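# Remarks on the overall topology
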Amino acid sequence: MTPDAEALAKAAGGTGRAPLANSDPAQDLFTGLLRLGDNSLILGHRVSEWCGHAPVLEEDIALANMALDLIGQTQLWLGLAAEVEGAGRDADALAFRRDAWDFCNILLVERPNGDFGQTLMRQFLFDAWHAPMLKALEASKDARIAEIAVKAGKEVAYHIERSADLVIRLGDGTDESHTRMQKSLDVLWGYTGEMFIGDATDARLAEAGIMPAPESLRAAWDETVNHVLAEATLIRPESTFAHQGGKQGRHSEHMGHLLAPMQWLQRSYPDAKW
Amino acid sequence: MSNEWPLWEVFIRGQHGLNHRHVGSLHAPDAELAIRHARDVYTRRNEGVSIWVVPSAEITASAPSDKGPLFEPSNAKVYRHPTFYDIPDEVGHM
């Protein structure tokens, strides 16, 4: 018999699904913060998987730096989420003691690394959204959110500069690198639409001036992406199909495999410290 | 290996220091990426306020075997060191 994941999660103390959209402002804020924190956590973890494996030492360190930036931002977002939730959890508990269906990251960031080019393409497509997102969050009516956005924005300004430059260099590089970059773009494209699809929670957060409506970030993203892809001699796919569900806790088959090594220590030795 | 990126020497001006100081080297395909790599490799602990990179191939160095002729003659010229002056006490520490 197939185990009932929802029942198992309830027994384990989870909700069985990502927080439901309802009109409780605190619940909306908690969900919005989880979405931000989970995006940076899952992408940070994915990028950290390169540590010790990148093609050259310099890129290895650059990737590790970026992973650390993202995980540092996670501590801030999930720390605030835990505070807003007020249920006695902290950032670590949210990162290491939730199961896949409680995570609210978009599907793009949990995509496997693939080759170096695919990792960079995923990074670029995310950074091109992340930078204007943080910019908009600087104007949040919630001062705590605005403060985190200012700090993270400085790091992400460097991320987008770096990932855009490398996408251009590899796209407009050799036949081999061009082919790989175009292939990466084609396979990741279907995962970009989710960044701009809002749900009821997003709409209420936008209405309250706390977070921007996802749809409002599309123009800035399009401008960056079109400009960089043109310079990289890469062809923007025409499809508008968008895989979605990550924000609501419906993840791909890769999520569990990502969480297992990430959460192993805290799962096997709860509250272990060093 | 010919297909390796060329080597660059990295100089960083620290938070309080006046001069750029040589901190090490790295590989990069061009100057722009060399600066970026230097930022990632050598300024992770907030070391610098400015970075210079120079292609290692562009540096002309003295030969270690010339050490004797180049530097030893100055050893015998003590009069080049300002150690023959009496400094009045009022001047204090110099």
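Residues numbered from 1 in each chain as written. Chains lettered and ligands numbered in written order. Predicted model: local features only at pLDDT ≥ 70, side-chain atom pairs only at ≥ 80, totals over all residues. Heavy atoms only, no water.

### Section: the packing of aromatic side chains
Residues and elements named next belong to chain A. To keep it simple, the criterion reads: The rule is short: rings of Phe, Tyr and Trp, with Trp giving its six-membered ring, pair when the centres are within 6.5 Å, and they are stacked under 30 degrees, edge-to-face over 60, tilted in between. In this text, helices come from DSSP runs of H or I with a minimum length of four residues, and strands from runs of E with a minimum of two, each type numbered from the N-terminal end. Burial classes follow relative accessibility: with a 1.4 Å probe on protein chains only, a residue under 20% of its type's maximum area counts as buried, one over 50% as exposed, and anything between as partly exposed.
In the structure shown here, the tally under the stated rule is five aromatic pairs over all chains. On the numbers, 5.7 Å between centres and 40° between planes, the contact of Trp189 with Trp221 is tilted. Residue Trp189 is found in helix α8 (residues 175-189), and its partner Trp221 is found in helix α10 (residues 218-231); the two are separated by 32 residues along the sequence. Of the two residues examined, Trp189 and Trp221, each falls in the buried class. Judged by centre distance (6.0 Å) and plane angle (80°), the ring pair of Trp264 and Tyr269 falls under edge-to-face.

### Focus on the packing of helix α6 (residues 116-137) of chain A against α10(A)
Residues and elements named next belong to chain A. Quick reminder of the rule: In this analysis an axis means a line fitted to C-alpha atoms, helices contributing only their contacting stretch, and an angle means the value between N-to-C directions, from 0 to 180 degrees. Our angle categories are set so that under 35 degrees counts as roughly parallel, over 145 as roughly antiparallel, 65 to 115 as roughly perpendicular, and the remainder as oblique. Take the far helix as your reference; a near helix turned counterclockwise from it by less than a right angle gives a left-handed crossing, and one turned clockwise gives a right-handed crossing. The contact definition used throughout considers only heavy atoms, calling two residues in contact when any of these lie within 4.5 Å.
Where α6 contacts α10, the two axes come as close as 9 Å, and the packing angle between them is 140°. Here α6 is positioned oblique relative to α10, judged by the angle of their axes. In this structure, α6 meets α10 at a crossing whose hand is right-handed. Here Phe124, Leu125, Ala128, Trp129 and Pro132 of α6 lie close against α10, whose contacting residues are Ala220, Trp221, Thr224, Val225 and Val228.

### A closer look at the interface of chain A and chain B
Which entries qualify depends on this criterion: Note: buried area is the sum, over both parts, of the accessible area (probe 1.4 Å) each one loses when the two are combined. Here, a salt bridge means any side-chain nitrogen of Lys or Arg that lies within 4 Å of a carboxyl oxygen of Asp or Glu. By the criterion applied in these results, polar contacts are pairs of N or O atoms within 3.5 Å in which, for protein atoms, one can donate a hydrogen and the other can accept it, and in which residues neighboring in sequence qualify only through two side-chain atoms.
At the junction of the two partners, chain A supplies 13 residues and chain B supplies 13 residues. Together, the buried faces of chain A and chain B total about 1200 Å²; carbon and sulfur atoms form 48% of this surface. Among the residues of chain A in contact with chain B, A:Glu58, A:Tyr158 and A:Arg169 are the three that bury the most area, contributing 48% of the side total. For B:Asp30, the salt bridge is made with A:Arg169, and the minimal N-O distance between the two is 2.9 Å. Remark: the boundary between chain A and chain B carries 10 residue pairs in polar contact (both at pLDDT 80 or more). Among the secondary structure elements, those contributing two or more residues to the side of chain A that touches chain B are α3 (57-85) and α7 (143-171) of chain A.

### Topic: the pattern of salt bridges
All names here are of chain A. Under the criterion given, the structure shown has 23 salt bridges over all chains. The closest approach of N and O atoms between Glu176 and Arg180, which form a salt bridge, is 2.8 Å. Of this pair, Glu176 and Arg180 both sit in helix α8, four residues apart, roughly one helical turn. Owing to a relative accessible area of 40%, Arg180 belongs among the partly exposed residues under this scheme. Taking the shortest distance from any N to any O, the salt bridge between Asp222 and Arg218 comes out at 3.6 Å.

### Considering the nonpolar core
Where we set the bar: In this description, a nonpolar core means a group of buried Ala, Val, Leu, Ile, Met, Phe, Trp, Tyr and Cys residues linked to one another through side-chain atoms lying within 4.5 Å.
Judged by nonpolar contacts, the single largest core of 81 residues is most densely connected at A:Met121, A:Phe124, A:Leu125, A:Leu137, A:Ile145 and A:Trp221. Of the residues forming this core, the biggest block, 11 residues, is contributed by α6(A).

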